[in-house]
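Structure at a glance
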Amino acid sequence: MTDPQLPLGFDPTDEPQTAQPQAKPRVKPRRPLAPKAEVVLDMEAMAALLSNHPDYKVLRRLVPALHFDRVPQGPVQCVLVLDTETTGLDHSRDKIIELALLRVHVDTATGLPVGEVEVYDGLEDPGIPISPEVQTITGISNDMVKGQRLDEARIATMLEGADLVIAHNAGFDRPFCEARIPAFMQLPWGCSFADIDWKKEGQGSAKLEYLAMEKGWFYDAHRAEMDCHALLAVLGDILPSSGRTGLATIIEASRRPAFRLQATRAPFEAKDLLKARAYRWNAEQKVWYTRLVDEAQLIAEYDWLKSTVYAGRSASVQVEKMEAGVKYSNRVGELSNTQI
């Protein structure tokens, strides 16, 4: 390439120039940041605020009560609140894997628990594998119960001097308990599921978890001890319709006999009427039957059976009278036949 061909302004004799470093821009020093103020959350105040708003409902974790700081205003009764976890539903075949008891005194003047709450909770190896379904429901595994045994001496101490055992669905728990520890046969039983008319009390369900949630509590359900604490909390509250506590209602119910009434030789065409009235079919005895909580209900049922089922004709029906010592067990009460 000749000189004239060089790009305009290019001098081949010039020395190459090195780029001069540019000065860094001056950075204005920052002021030190003030420490962040820690936000202290008053959880109870927040819960109270939400509770007072019509669009929110707050659930609090149930804290077991181990002492009731009240002075009784009348005589007290010693009540055992009981729950079991089992390997299944059949007491003749399945076994208890957990038994819990709360021993508490109830002021009969107010229906409120008073004083200390004694607690027993024990696991037992059933000698058979716990099914995966039961392990999922209860959280009790085969490893947890391996080699475990209920403390019968401690249970006997809890039972001594007790006036009443209360379970939520005593018809399930009582046969299991009596099969395992015969001393339970000597005590009267009440049922918080059946002895309280929860529908009349404005509840949409009689399930314990539902009743606790309606009171604003949640808890770890399906472990016997926590179920007992939840039941005691629910029964220690005032029922909106009757104005009494659940404990007072069950204690009063235990003083009255209940009745199992059989619609003996009911016409076949009456089966739908009986079913609609919550009668159950006993396939072994081939008879429809119902359970009535007191004598007033029994007399009213006589009238309904005669007018509706037997079409005004006379009939002889069987009645089983069950005192609290027999209620919710598999033992037979006092049987009689009544002409209606």
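**Topic: the confidence of the model for the protein chain**
Interpretation of the predicted coordinates at a detailed level should be avoided for regions scoring low in pLDDT. On average, residues of the protein chain score 91 in pLDDT, and 88% of them are at 70 or above. Under a pLDDT of 50 for its full length, residues 1-14 has, in the predicted model, two contacts with residues more than four places off or in other chains.

**Some points on the side chain of Asp 294**
Position of Asp 294 among the secondary structure elements: in the loop between β11 (287-292) and α10 (295-309). There is no salt bridge for the buried Asp 294, and the closest opposite charge comes from Arg 256, which lies 4.4 Å off by N-O distance. A polar atom in the side chain of Asp 294 sits 2.9 Å from the backbone nitrogen of Gln 297. Excluding anything up to four places from it in sequence, Asp 294 contacts Arg 256, Pro 257 and Phe 259.

**Considerations on helix α5 (residues 170-180)**
Since there are 3.6 residues in each turn of an α-helix, residues three or four apart along the chain are aligned in direction. Among the 11 residues that make up α5, eight are buried, leaving the element largely enclosed by the rest of the structure. Among the residues making up α5, those that are buried are Ala 170, Asp 173, Arg 174, Pro 175, Phe 176, Cys 177, Glu 178 and Arg 180. Looking at the buried side of α5, the elements it contacts are β3 (76-86), β4 (96-107), α4 (152-159), β6 (164-167) and β7 (189-191).

**Some words on a nonpolar patch on the surface**
On the surface, a nonpolar cluster with roughly 230 Å² of combined accessible area is contributed by Leu 59, Met 213 and Phe 218. Residue placement: Leu 59 occurs in the loop between α1 (43-51) and β1 (60-61).

**Let's talk about the sheet that holds strand β12 (residues 316-322)**
Within the open sheet, the five strands sit side by side as β10-β11-β9-β12-β13. Their pairing is antiparallel. Two strands close off the open sheet at either side, each with one partner strand: β10 (280-282) and β13 (334-339). Adjacent strand axes in the sheet meet at a mean angle of 30° when their direction is disregarded. Taken together, the five bridges between strand β9 (residues 258-263) and β12 define a ladder with antiparallel strand orientation. Its bridge partner being in β12, Ala 258 is matched across the sheet by Met 322. The strands that α10 touches are β9, β11, β12 and β13; relative to β9, the one it contacts most, it runs at about 10°.

**Considerations on the pairing of β13**
Burial of β13 is sparse: only zero of the six residues sit out of reach of the surface. The pairing of β12 with β13 spans six bridges and is antiparallel. Following the sheet pairing, Glu 320 is matched in β13 by Leu 335.

**Quick word on the sheet that holds strand β2 (residues 67-68)**
Strand order in the open sheet formed by six strands is β2-β5-β4-β3-β6-β7, with mixed pairing between adjacent strands. If you trace the sheet from one side to the other, it starts and ends with β2 and β7, each paired once. Of the strand pairs in this sheet, β3 and β6 are connected by four bridges, and their pairing is parallel. Across the sheet, residue Leu 80 finds its bridge partner in β6, namely Val 165. Across the sheet, α4 lies against β3, β4 and β5 (112-123), angled at about 25° from β4, the strand it touches most. Against the sheet, α5 makes contact with β3, β4, β6 and β7, and its axis sits at roughly 85° relative to β3, the strand it touches most.

How each quantity is defined
- Residues numbered from 1 in each chain as written.
- Predicted model: local features only at pLDDT ≥ 70, side-chain atom pairs only at ≥ 80, totals over all residues.
- Heavy atoms only, no water.
- pLDDT = per-residue confidence, 0-100.
- Contact = heavy atoms within 4.5 Å.
- Helix = DSSP H or I, 4+ residues; strand = E, 2+ residues; numbered from the N terminus.
- Buried < 20%, exposed > 50% of the residue type's maximum accessible area, 1.4 Å probe, protein only.
- Lys, Arg positive; Asp, Glu negative; His and termini not counted.
- Salt bridge = Lys/Arg side-chain N within 4 Å of Asp/Glu carboxyl O.
- Polar contact = N/O pair within 3.5 Å; in protein donor to acceptor, adjacent residues only side chain to side chain.
- Patch = residues over 30% accessible without salt bridge, like charges linked within 9 Å, V, L, I, M, F, W, Y side chains within 5 Å.
- Areas by Shrake-Rupley, 256 points an atom, 1.4 Å probe, with all protein chains shown as cover.
- Pairing = 2+ DSSP bridges.
- Axes fitted to C-alpha atoms, helices over the stretch in contact; angles between N-to-C directions.

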